[in-house]
Amino acid sequence: MAIVGAFARVDTDTTALCRAELEQLAGVSTFDINDADKVGVLIEADSLNEAHDTITKTIRSTPGVLGVWPVYVNTEDEQEKQD
């Protein structure tokens, strides 16, 4: 499993709506980061590639999201499977 923490820059006029849309996505949850034009996003996926797809395709195309960049990645159990 891959766990990715990211920041999403959002349109400040639609932050609440955007956050609600993000919360509806499978494997995605949001958190506050005390910045009016950013929302914290936590992505849980089966693999790092799946998490990447969620960020670049699903989250990025959510209405109100202007950009997304990962700031934390944990793939510990994926690495254990390969050993």
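Residues numbered from 1 in each chain as written. Predicted model: local features only at pLDDT ≥ 70, side-chain atom pairs only at ≥ 80, totals over all residues. Heavy atoms only, no water.

Caption draft 1: Molecular detail of a nonpolar patch on the surface. On the surface, a nonpolar cluster with roughly 300 Å² of combined accessible area is contributed by Trp 69, Val 71 and Tyr 72. Mapping Val 71 onto the fold places it in strand S4 (residues 65-74). (Patch = residues over 30% accessible without salt bridge, like charges linked within 9 Å, V, L, I, M, F, W, Y side chains within 5 Å. Areas by Shrake-Rupley, 256 points an atom, 1.4 Å probe, with all protein chains shown as cover. Salt bridge = Lys/Arg side-chain N within 4 Å of Asp/Glu carboxyl O. Helix = DSSP H or I, 4+ residues; strand = E, 2+ residues; numbered from the N terminus.)

Caption draft 2: Spotlight on the nonpolar core. Counting residues in each nonpolar core, the largest one holds 17 residues, and the members touching the most others are Val 41, Ile 43, Ile 59 and Val 68. Those elements giving two or more residues to this core turn out to be strand S1 (2-10), helix H1 (15-23), strand S3 (38-45), helix H2 (48-59) and S4. What Val 41 contacts, discounting residues up to four positions off in sequence, is Val 4, Gly 5, Ala 6, Ala 8, Leu 22, Val 28, Ser 29, Thr 30, Phe 31 and Ile 59. (Core = buried A, V, L, I, M, F, W, Y, C linked by side-chain atoms within 4.5 Å. Buried < 20%, exposed > 50% of the residue type's maximum accessible area, 1.4 Å probe, protein only. Contact = heavy atoms within 4.5 Å.)

Caption draft 3: The sheet that holds S1, seen in detail. Strand order across the open sheet formed by four strands is S2-S3-S1-S4, with antiparallel pairing between neighbours. The open sheet terminates on both sides in strands that have one partner only, identified here as strand S2 (28-31) and S4. Strand-to-strand twist across the sheet, computed as the mean angle between neighbouring axes with direction ignored, equals 25 degrees. Judged from the eight bridges that link them, S1 and S3 form a sheet pairing that is antiparallel. In the sheet register, Ala 2 faces S3, and the bridge partner there is Ala 45. The strands touched by H1 are S1, S2, S3 and S4; relative to S2, the strand with the most contacts, the crossing angle is about 145 degrees. Contacts from H2 reach S1, S2, S3 and S4, with the element oriented near 140 degrees to S3. (Pairing = 2+ DSSP bridges. Axes fitted to C-alpha atoms, helices over the stretch in contact; angles between N-to-C directions.)

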